[in-house]
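A look at the structure
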Amino acid sequence: MKIEEIALSKLHKTKQLKRKHSKDQIDRCVHSLITYGQYSPLVVSGNEILCGTMVYDAMKRLKMRHAKIVQVGELSDEKKRELRYLDNRTFEMSFWKDDELKMFLMGLEKNRLEDCGFKEEEVEQMINGFNEEASTAKKSVLKEMNEQPDTWYCPECGWTGALKEK
């Protein structure tokens, strides 16, 4: 499949939307578009958006003129419906790798939490959710860097940062 660019005004959302996005979700998507640009194309059949309606809404709010798309061609209504459900359902079925997420969050500056879609309170709960055994296991994987005190390096994923534990 080839990524194309098309005028946003030529696209329209499917009439059979199955998910509703909150204002907060769209606001976060707007922030992401401003910060990083459109890094994931909309999935389109003809001019109908099958996957990416939240991104489309955020782009419209920003008055963007063009969108990156992947054109899947003309599909039957049944195939369009299956594709939309498959896209949404597979996303719902995913989950975080808790240890990796916690290590990422511990190394993130507090002022960057909101940018990554996390609230400080929930991050505190996640980090403090480490039991003693998990915390010890986590530290055993990490190697303290000699150059900077309290700076750690994970040889498995390449993460470097300070552990901000209480």
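Residues numbered from 1 in each chain as written. Predicted model: local features only at pLDDT ≥ 70, side-chain atom pairs only at ≥ 80, totals over all residues. Heavy atoms only, no water.

Details of the nonpolar core
One recurring pattern in soluble globular proteins: nonpolar side chains tend to sit buried together. In terms of nonpolar packing, the biggest core is built from 16 residues, with Leu11 and Leu42 touching the most fellow members. The residues contacting Leu42, other than those within four sequence positions of it, are Leu11, Ile49, Cys51, Gly52, Val55, Tyr56, Ala67, Lys68, Ile69 and Val70. Leu101, Met106, Leu113 and Phe118 belong to the second largest nonpolar core, which has 9 residues in total. (Core = buried A, V, L, I, M, F, W, Y, C linked by side-chain atoms within 4.5 Å. Buried < 20%, exposed > 50% of the residue type's maximum accessible area, 1.4 Å probe, protein only. Contact = heavy atoms within 4.5 Å.)

A few points about the layout of surface pockets
Space inside the largest pocket adds up to approximately 1,400 Å³. Taken together, 39 residues form the lining of the largest pocket, with Cys29, Tyr39, Met54, Val55 and Phe91 sitting closest to its centre. At the level of elements, α1 (23–36), β3 (42–45), β4 (48–51), α2 (53–61), α3 (77–92) and α4 (98–107) are the ones that each hand at least two residues to the lining of the largest pocket. For the lining of the largest pocket, the leading source of residues is α1, giving 7 residues. Residue composition of the lining of the largest pocket, by class: 19 nonpolar, 12 polar and 8 charged. (1 Å grid on protein atoms, 1.4 Å probe; cavity = no way out; pocket = protein on both sides within 12 Å on 5 of 7 lines; lining within 4 Å. Points joined across faces, edges and corners; volume = space filled by probe spheres on them. Helix = DSSP H or I, 4+ residues; strand = E, 2+ residues; numbered from the N terminus. Nonpolar A, V, L, I, M, F, W, Y, C, P; charged D, E, K, R; others polar.)

Observations regarding unusual backbone geometry
Of note in the backbone geometry, Lys63 takes a positive phi value of approximately 60 degrees without being a glycine. Secondary-structure assignment places Lys63 in the loop between α2 and β5 (66–71). The exposed category is assigned to Lys63, whose relative accessible area is 68%.

Let's talk about the packing of α4 against helix α5 (residues 120–128)
Closest axis-to-axis distance for the α4/α5 pair is 10 Å, and the angle between their directions is 125 degrees. In terms of orientation, α4 lies oblique with respect to α5. In this structure, the crossing between α4 and α5 has a hand that is left-handed. Note on element contacts: α5 touches α4 through Val123, Met126 and Ile127, opposite Leu101, Lys102, Leu105 and Met106. Grouping the amino acids of the contact of α4 with α5 by side-chain chemistry returns 6 nonpolar, no polar and 1 charged. (Axes fitted to C-alpha atoms, helices over the stretch in contact; angles between N-to-C directions. Parallel < 35°, antiparallel > 145°, perpendicular 65-115°, else oblique. Left-handed = near helix turned anticlockwise from the far one by under 90°.)

Here we look at the pairing of β4
In terms of strand pairing, strand β2 (residues 12–13) meets β4 through 2 bridges, oriented parallel. Note on β4: the bridge partner recorded for Lys13 is Ile49. Note that β3 and β4 share 3 bridges and pair antiparallel. When the bridges of β4 are listed, Val43 appears paired with Cys51. (Pairing = 2+ DSSP bridges.)

Notes on the pattern of salt bridges
Under the definition given, this model contains 6 salt bridges. Close ionic contact of Asp24 with Arg28 constitutes a salt bridge, the shortest N to O distance being 3.2 Å. Of the two residues, Asp24 and Arg28 both sit in helix α1, 4 residues apart, roughly one turn of that helix. Measuring nitrogen to oxygen at the nearest pair gives 2.7 Å for the salt bridge that ties Lys80 to Glu48. Of this pair, Lys80 sits in helix α3 while Glu48 is found in strand β4, placing the two residues 32 residues apart along the sequence. Here Lys80 matches Glu48 in class, with each residue buried. When salt bridges with common partners are traced through the structure, they connect Lys23, Asp27 and Arg61 into a single cluster. (Salt bridge = Lys/Arg side-chain N within 4 Å of Asp/Glu carboxyl O.)

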